[in-house]
Amino acid sequence: MSTSTASAPTGTRIRARTDARLPSLTGLRWIAALMVWGFHLRTVDPTSNDTVSAVFQPFTHGALGVSFFFVLSGFVLVWSARPGDTAGRFLRRRFAKIYPNHAVALVFAVVLVALTTGGLSAKTILSNALLINSWLLRPGWPNAINAVSWTLCCEAFFYVSLPFLLPRLRRLTTERLYIGLALVPLGALLVGTVIRTLVPHPHVDNIGFFPPMRYHEFLVGVIVGELMVRNRWAGPRLWPSLGLVVIAYVAHFFQDMSVVIPLAFASLIASAASADLSGAWSPWRWRPLVLLGEASYAFYLVHHLVMVTAVRVGEWLDPGRRFWFGAQPVLGGAGLYVVGTLAVAIVLAFAMYYGVERPMMKGLRPKPRRPALGAELDSEKALPQAVVVGP
């Protein structure tokens, strides 16, 4: 058996087995989701009191878990690109994966807001339903209703761009891909400067939600994914990559690392994928971690809603705000709040994963098809071929 690819500037290249499963990446998804969970715990009662908040200090920059998700998204989509896949079929699969769970979480959020604050409008509901709310930089709009749904607007933007981006990247030599990867942080700084200049105050406070501001994270994942597919990734192995992530995360406490930390994330993702491919030991392949990672998307969608709902219930059960909200030891009301909301969010996540996400992915995905012998898809309308195996 020999492996061959379509002609490219680099000549004949041996491509990796892109049909191989990468369970370590699923395990890492749970770690990223847990970081975002910890970040949100620091922003809600009762864990915001001085006695308890110190416990969650390591999660101060847990929002970087979102950056990890964006990098991982770019990597996985390139790794799993199918031979002869059209843009329409690709986007339909992404819709089946992302939108049904989003719709369920949105209904839950609308009901919750209607029963509590009542601060709803048809415009905010519609912007969430259409996944355009993070394009609207007016204060309160990007994270209205379900605070985390703004990231799906960014993902939708990434998905639409990929069928146009990937064929162009695959025409580049490996050397140019590495040059492009090195230039991504500089490009991110340039884009950020331009957007900050054009967006008026107070809208500028919301540009972190703006999809073009987050594109560099996705782009890093796409480039490293293509290098992995070509078997040309030369980054550090698993433990040095993990060390880079830890160093970058700690450094972020002192200096904004948001434009360079995606490179560390990409290195960790690629090294974890390499460990899976080679059979090397990886802690992220631990079965319970992988199971949690499979439901991590649903968990991400509901965890903040569960926190907010629990606060409302706590206020009803404890009008004097003494047990749940006052100064207390970790094993007091705040501890019960943390354990309880985490458990409820996990249960809901698995219910959505098995009851919504998997059935919808199976029911809505396009049916397999066999192109006619010799048929060619227009390179601008199809995702490029990942691997061709012949005798």
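Note that the structure is predicted; figures quoted are calculated from it, not measured. (Residues numbered from 1 in each chain as written. Predicted model: local features only at pLDDT ≥ 70, side-chain atom pairs only at ≥ 80, totals over all residues. Heavy atoms only, no water.)

A. Looking closely at the overall build of the protein chain. A count of helical and extended segments in the protein chain gives 13 helices and two strands. Across the 391 residues in the protein chain, those meeting the buried criterion constitute 49%. Taking all contacts inside the protein chain whose residues are at least 6 apart in sequence as the whole, residues at least 24 apart take part in 81%. Of the roughly 18,900 Å² that the protein chain leaves accessible, carbon and sulfur atoms contribute 67%. (Helix = DSSP H or I, 4+ residues; strand = E, 2+ residues; numbered from the N terminus. Buried < 20%, exposed > 50% of the residue type's maximum accessible area, 1.4 Å probe, protein only. Contact = heavy atoms within 4.5 Å. Areas by Shrake-Rupley, 256 points an atom, 1.4 Å probe, with all protein chains shown as cover.)

B. Structural view of the nonpolar core. Membership of the largest hydrophobic core comes to 87 residues, with the highest contact counts inside it found for Leu 25, Phe 68, Phe 75, Val 222 and Val 224. Setting aside residues up to four positions removed in sequence, Phe 75 forms contacts with Leu 22, Leu 25, Gly 221, Val 222, Val 224, Gly 225, Met 228, Ile 269, Ala 270 and Ala 273. Leu 106, Ala 109, Leu 112 and Ile 145 belong to the second largest nonpolar core, which has seven residues in total. (Core = buried A, V, L, I, M, F, W, Y, C linked by side-chain atoms within 4.5 Å.)

C. Structural context of the state of the cysteines. Applying the stated criterion across every chain, the model contains zero disulfides. With no disulfide of its own, Cys 153 lies closest to Cys 154 among cysteine sulfurs, the gap being 6.7 Å. (Disulfide = S-S within 2.5 Å.)

D. Local environment of the packing of helix H4 (residues 87-115) against helix H13 (residues 333-364). Put simply, H4 and H13 touch, their axes get as near as 8 Å, and they point 145° apart. Both H4 and H13 take part in a crossing whose hand is right-handed. Counting all contacts with H4, which are made through Arg 92, Phe 95, Ala 96, Lys 97, Pro 100, Asn 101, Val 104 and Ala 105, the residues of H13 involved are Met 352, Val 356, Glu 357, Met 360, Met 361 and Leu 364. (Axes fitted to C-alpha atoms, helices over the stretch in contact; angles between N-to-C directions. Left-handed = near helix turned anticlockwise from the far one by under 90°.)

E. Representation of the pattern of salt bridges within the structure. Inspection of every chain in the model, using the stated rule, returns eight salt bridges. Here Asp 45 and Arg 321 are joined by a salt bridge, their closest N and O atoms 2.8 Å apart. With Asp 45 in the loop between helix H1 (23-41) and helix H2 (50-53) and Arg 321 in the loop between helix H12 (296-317) and H13, the pair connects residues that are 276 residues apart, well separated along the chain. Judged by its relative accessible area of 26%, Asp 45 is partly exposed. Across the salt bridge formed by Arg 93 and Asp 85, the nearest N and O atoms sit 2.4 Å from each other. (Salt bridge = Lys/Arg side-chain N within 4 Å of Asp/Glu carboxyl O.)

F. Region of interest: the packing of aromatic side chains. Scanning the model with the defined rule gives 24 aromatic pairs in all. Judged by centre distance (5.4 Å) and plane angle (85°), the ring pair of Phe 68 and Phe 265 falls under edge-to-face. Of this pair, Phe 68 sits in helix H3 (residues 64-79) while Phe 265 sits in helix H10 (residues 261-278), and the two are 197 residues apart along the sequence. Each member of the pair, Phe 68 together with Phe 265, is buried. (Phe/Tyr/Trp six-rings, centres within 6.5 Å; stacked < 30°, edge-to-face > 60°.)

G. How the structure looks around the environment of Leu 91. The residue Leu 91 is located in helix H4 in this model. Taking the C-alpha atoms as reference points, Leu 91 and Val 160, separated by 69 residues in sequence, lie 7.3 Å from one another. Beyond its immediate stretch of four places on either side in the chain, Leu 91 contacts Tyr 159 and Val 160.

H. Spotlight on H12. With 22 residues, H12 extends 30 Å between its outermost C-alpha atoms, agreeing within 8% with the 32 Å of an ideal straight helix rising 1.5 Å per residue. The axis of H12 is deflected most strongly, by about 35°, at Val 302. (Expected span 1.5 Å × (residues − 1). Bend = angle between axes of the 7 residues up to and from the residue.)

I. Spotlight on the confidence of the model for the protein chain. Summarising the model, the protein chain shows a mean pLDDT of 87, and 89% of its residues fall at 70 or more. Note that residues 1-14 has pLDDT below 50 and, in this model, 29 contacts with residues that lie over four places away or in other chains. In this model residues 371-391 is a low-confidence stretch, pLDDT under 50, and it forms 49 contacts with partners more than four residues away in sequence or in other chains. (pLDDT = per-residue confidence, 0-100.)

J. Main features of helix H8 (residues 215-229). Over its 15 residues, H8 runs 21 Å from end to end, which matches the ideal 21 Å to within 8%, given 1.5 Å per residue. Counting buried positions over the 15 residues of H8 gives 14, a clear majority of the element. Backbone geometry just downstream of H8 places Asn 231 in the positive-phi region, at approximately 60°.

K. Up close: unusual backbone geometry. Cis geometry is adopted by the peptide bond preceding Pro 46, which originates at Asp 45 and carries an omega value of 5°. With respect to the helices, strands and loops of the structure, Pro 46 is situated in the loop between H1 and H2. One non-glycine residue, Leu 131, lies in the positive phi region at around 55°. By the element assignment, Leu 131 lies in the loop between helix H5 (122-129) and helix H6 (150-169). You can call Leu 131 buried: its relative accessible area is 12%. Of note in the backbone geometry, Ile 145 takes a positive phi value of approximately 70° without being a glycine. The topology assignment puts Ile 145 in the loop between H5 and H6. Note on Ile 145: relative accessible area 16%, which makes it buried.

L. Examining a nonpolar patch on the surface more closely. A contiguous nonpolar patch, built from Leu 126, Leu 130, Ile 132 and Trp 135 and spanning about 370 Å² of accessible area, is present on the exposed surface. Residue position: Ile 132 is located in the loop between H5 and H6. Residue Ile 132 is classed as partly exposed on the basis of its relative accessible area of 35%. (Patch = residues over 30% accessible without salt bridge, like charges linked within 9 Å, V, L, I, M, F, W, Y side chains within 5 Å.)

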